[in-house]
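In case you want the letters, here they are:
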Amino acid sequence: MLRRAAVASSSAAALAVGAASVDDDARRSLTMGTVGAVCRTFMRGQGALTVHDEHHLRAGLARPAGVAMLSVSNHIATVDDPHLLASIVPPSTLVRPGAMRWGVCAHDVCFRPGSLLQRWADSAQVLPVRRGGGVWQLELESVIAKLRGGGWVHYFPEGTIRQDGAVRQFRRGVGRLVAAIREPADLRVQPFYHTGCEVLQPTTPTSQSIFSRPNLGTHIHVIFGPPLDLSPLLALRGEAPFDKRPELLYEVIAHTLEEEVRRLKHELERRIGQES
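Below is a summary of the structure that appears in this document. Predicted, not measured: the structure shown is a model, and the values here were computed from it.

1. Observations regarding the pattern of salt bridges
Scanning the entire structure with this criterion turns up 18 salt bridges. Measuring nitrogen to oxygen at the nearest pair gives 2.1 Å for the salt bridge that ties Arg 168 to Asp 164. Take Arg 168: its relative accessible area is 35%, and that puts it in the partly exposed class. Close ionic contact of Lys 265 with Glu 269 constitutes a salt bridge, the shortest N to O distance being 2.6 Å. With Lys 265 and Glu 269 both in helix α12 (residues 246-275), this residue pair falls four residues apart, about one helical turn. On the basis of relative accessibility, which here comes to 11%, the residue Lys 265 falls in the buried class. Linked through salt bridges whose partners overlap, the residues forming this network are Asp 24, Arg 27, Arg 28 and Asp 122.

2. Digging into the sheet that holds strand β1 (residues 49-52)
Taking strand neighbours across the sheet as the criterion, the five strands line up as β1-β7-β6-β2-β5 in an open arrangement whose pairing is mixed. Unpaired on one side and paired on the other, β1 and β5 (152-155) mark the two borders of the sheet. Recorded for the sheet is a direction-independent mean angle of 20° between the axes of neighbouring strands. Of the strand pairs in this sheet, strand β6 (residues 187-195) and strand β7 (residues 220-224) are connected by four bridges, and their pairing is antiparallel. Pairing of His 194 across the sheet is with Val 222, part of β7.

3. Points about the environment of Leu 49
Along the polypeptide, Leu 49 turns up in strand β1. Through-space distance from the C-alpha of Leu 49 to that of Gly 196 is 9.2 Å; in sequence the pair is 147 residues apart.

4. A word on unusual backbone geometry
Omega for the bond connecting Asp 81 with Pro 82 falls within 30 degrees of zero, at 15°, which places this linkage in the cis form. The topology assignment puts Pro 82 in the loop between β2 (68-73) and α4 (83-88). Note the cis peptide between Ala 240 and Pro 241, where omega equals 0°. For Pro 241, the location among the structural elements is in the loop between α11 (231-234) and α12. The residue Asp 53 is not glycine, and still its phi comes out positive at about 55°. Mapped onto the elements of the fold, Asp 53 is located in the loop between β1 and α3 (55-61).

5. A look at the environment of Ala 68
As for its position among the elements, Ala 68 is in strand β2. Sequence-distant contacts of Ala 68, that is, excluding residues within four places in its chain, are made with Arg 63, Leu 147, Gly 150, Gly 151, Asp 186, Leu 187 and Arg 188.

6. Some details on helix α2 (residues 24-46)
End to end, α2 covers 32 Å across 23 residues, agreeing with the expected 33 Å (1.5 Å per residue, within 8%). The backbone nitrogen of Asp 25 lies 3.0 Å from a side-chain oxygen of the residue at the head of α2, namely Asp 23.

7. A look at the environment of Arg 262
Relative to the assigned elements, Arg 262 resides in helix α12. With relative accessibility at 22%, the residue Arg 262 sits in the partly exposed group.

8. What to know about the pairing of strand β3 (residues 103-106)
Two faces, one strand: in a regular strand the side chains alternate between the faces of the sheet. Neither face of β3 is exposed, since Gly 103 and Cys 105 on one face and Val 104 and Ala 106 on the opposite face are all buried. Examined bridge by bridge, β3 and strand β4 (residues 126-129) share four bridges and lie parallel to one another. Bridge pairing in β4 links Ala 106 to Val 129.

Reading the values: rules and limits
Sequence order as written defines residue numbering, which begins from 1 separately in each chain. Restriction of local features to residues with pLDDT of at least 70 applies here, the model being predicted, together with a cutoff of 80 or more for giving and counting side-chain atom pairs; totals for whole chains, interfaces and linings are based on all residues. By convention in this description, side-chain values take in all heavy atoms of the structure and omit both hydrogens and water. We define a salt bridge as a contact between a side-chain nitrogen of Lys or Arg and a carboxyl oxygen of Asp or Glu at a distance within 4 Å. For each residue, the accessible area found with a 1.4 Å probe, counting protein chains only, is set against the maximum for its type, and the residue is called buried under 20%, exposed over 50%, and partly exposed in between. Only DSSP runs of H or I reaching four residues or more are called helices, and only runs of E reaching two or more are called strands; each is numbered from the N terminus. We treat two strands as partners when DSSP finds at least two bridges between them. Here an axis means a line fitted to C-alpha atoms, over the contact stretch when the element is a helix, while the angle between two N-to-C directions is reported on a 0 to 180 degree scale. When checking whether two residues touch, look at their non-hydrogen atoms; a contact exists if any pair is within 4.5 Å. Expected helix span is taken as 1.5 Å per residue step, with the number of steps being one fewer than the number of residues. Polar contact is the term for a pair of N or O atoms within 3.5 Å; when the atoms are in protein, one must be able to donate a hydrogen and the other to accept it, and sequence-neighboring residues count only if both atoms are side-chain atoms.

In structure tokens, the structure reads:
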């Protein structure tokens, strides 16, 4: 199954590269519909997938036009995106570029000059960030633009894969994304936590590819929380010291999101414990 998935994913990427003359939405629909279907089939077929409180995600996907969604989660494996995200949205979302997420990937991973991934990234709705580039890096402007346009962006605030079971410090760049939306009502901040992908696709010095041998039969759990009301924090944007040092507010926002994802971790562990 893994070999078929790898071949199908590579073929879809090649199709996307060759479709440069096609309308952007049609090109993205082709790419995400094809690759997303493969990822969804793999994730739901390799083992069990349980989504807790899925209604929060469904409400986010059905949000009013012009309202953006920023989803944030822990990052535990290379299959977190696109595999997991493709497996938890309705299949119809995969072929609707305006509804599907914009992902974010490190420049040195997905955007190496001349690589197939670089040519494929735009069709797969992936934007670059530079690890170590800081909160003011220009790449975040492209992410902010998608949010200001009412799109859905998924962001991994930890900045790197962690497979030790802990929720690590959220970097303040996610706070900048939230604070860049002037009206709090125009942004739905959707947290979730997941576990199991680190077992399915462990990352080690000898196994870092999404095409390396997976541990099939893994039970994956995802839990969504209610959208966060960050308006009290955003109201501080014009207050001292945040008016002159907005990055301090970004840190507070990032910490607030981190604590919510950590709360979801504990809640999911409680539920899994009750099921076992």
